[in-house]
Each structure stands twice: as structure tokens, then as C-alpha cells.
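Residue-level structural notes
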Amino acid sequence: MTDRETASEPESPDCRDVRFLMAGMARSGTTLCQRLGSELDEVWMPRETHFWSHYLLGVARAPNRRMKRSRVRRVVEAMQSSGGPLAMSATEGKRVVDRVDEDGCTAWELFGLVVDALSPAGATMLGEKTPKHAWPAGHLLAARPELKLVGVVRDPRANFASLLNVAWGQRDSQRFGWRWRLLHERLLADRDAFGRHRVMLARYEDVVAEPRAFQTSLAEFLGVQMAVTAGQ
């Protein structure tokens, strides 16, 4: 995430929709791609929400299913837990709940409200980066025809070596290799199923070598101007 001011009040009471996801294996370079993407003037990706992989695990298969307001409150309360991966502030949580209708909302609408609450005013192209969202991305793409996916792929040897450098990283090389191949095949299958106009794959090594070229490709993919935020 860049140092742009976050979580300011939106310019409009209408929730800005999430236009794209960014995902991949842990330590594959998604954070670098998130930072570079958020330097584009119209684009913003807040901190990881873990929405579909932790708080509403399994619900991505039916993101348009309606949730009662009482359940929304419970989910948001979980998101505010200091021990959880998101740890929303009380202000952010209130901003979400206050915008939910009395009869509730769909899981996708709640996702949009969360991302919107974590994002600054002014950004018109909101995305969300949580590595594990690569797994349910196909279900979300099928349910939301306007949604796009940026999948980040890193050489599996370098990816595994990076995981060894963090306390929570995978230590079993065979298990990692199996999951890396499975996820890579899933990303390729999503691109084949939904087309390159909706699924973009970014190779981490190429992003590091030519970050500006990645920004140009991402801007074209998202349909935004190439200009980057002043001072970045």
C-alpha cells in the first residue's frame, strides 16, 4: 500500500464498486504490484481484507446471495477484532454498517462497502489485493461480469525461498510446489474461461525489471489513464 491518505469520507453516499481483484501465491509479489497499481491516479487498493478467504469463507461461490443485517453486523464485528487479519477500526466498521439497508445486503455489496470504507476519496477505480482470493476468483468473475482479475505469478523457486524468510511461511517444498502448480493452473483456466480482457497475469520478475511497463499494461487493462499520483 502506498502512503496516500486512506479511509477518508467518500465523495458520494453511493458505494464505489470493486472493479478488480489482485491475487496470487503468498510472497509472489502482490504487494509490489499493489503499490505500483495504486500509484495510478484513478486506482486504489487498500490493505488486504481477507474477506472471501477468512471472514466469509466459502460464500464466494454465491456472492450475490443476500445477508440479513444481523449477520452483517456479526461479520463486521469479526473484522474489527484486533486478533483478525483485517482489524478494522471502529470508525471504519461504523462506516460500513451505517450504509447497509435495513433488509441487509448481498455478500458482494458488503465486500464493496468494506473496500470503499478503507479507501480514500477521489479514487474511481477500486481494487482489492488479498493473495488467497486467487482461489475463489473464478466464482466471483462468473457472478460479476464487470469484475477483472490481476493474477501475480512468481518463479516457484524464488517464491518458496521467500516464504522461508518469514515465520509463517510454508516449509514443505513438495506441498508448496503442489499448491503453486494448482494455483497457476487455476489462473490460466480463469484467463481461458473469461478472456484476457478480464484476466491479466503479471510475472513478478518482469514487474521488478520494468515496473513502468507493468503500470502501463495495468492502466490499459483497467481502462484508466497512465498518469501517476504526484510525488510517487
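What counts and what doesn't
Residues numbered from 1 in each chain as written. Predicted model: local features only at pLDDT ≥ 70, side-chain atom pairs only at ≥ 80, totals over all residues. Heavy atoms only, no water. Helix = DSSP H or I, 4+ residues; strand = E, 2+ residues; numbered from the N terminus. Buried < 20%, exposed > 50% of the residue type's maximum accessible area, 1.4 Å probe, protein only. Polar contact = N/O pair within 3.5 Å; in protein donor to acceptor, adjacent residues only side chain to side chain. Pairing = 2+ DSSP bridges. Contact = heavy atoms within 4.5 Å. Axes fitted to C-alpha atoms, helices over the stretch in contact; angles between N-to-C directions. Salt bridge = Lys/Arg side-chain N within 4 Å of Asp/Glu carboxyl O.

**Let's talk about the side chain of T130**
Structurally, T130 can be placed in the loop between strand 5 (125-129) and helix 6 (137-143). With a relative accessible area of 1%, T130 lands in the buried category. At 3.2 Å, the side chain of T130 forms a polar contact with the backbone nitrogen of H50.

**As for the sheet that holds strand 5**
In space, the five strands of this open sheet follow the order 2-5-1-6-7, with parallel pairing throughout. In the strand order of this sheet, the two ends are held by strand 2 (43-44) and strand 7 (199-203), each with one partner. Helix 8 (residues 173-194) contacts strand 1 (18-24), strand 6 (148-153) and strand 7 of the sheet and is inclined by roughly 140° relative to strand 7. Across the face of the sheet, helix 10 (residues 211-222) comes into contact with strand 1, strand 2, strand 5, strand 6 and strand 7 while running at roughly 175° to strand 7.

**A few points about the pattern of salt bridges**
Applying the stated criterion across every chain, the model contains 13 salt bridges. Ionic pairing is found between D98 and K94, a salt bridge with its closest N-O pair at 2.6 Å. K94 gets classed as exposed once you look at its relative accessible area, which sits at 52%. With a shortest N-O distance of 2.7 Å, R157 and D155 are connected by a salt bridge.

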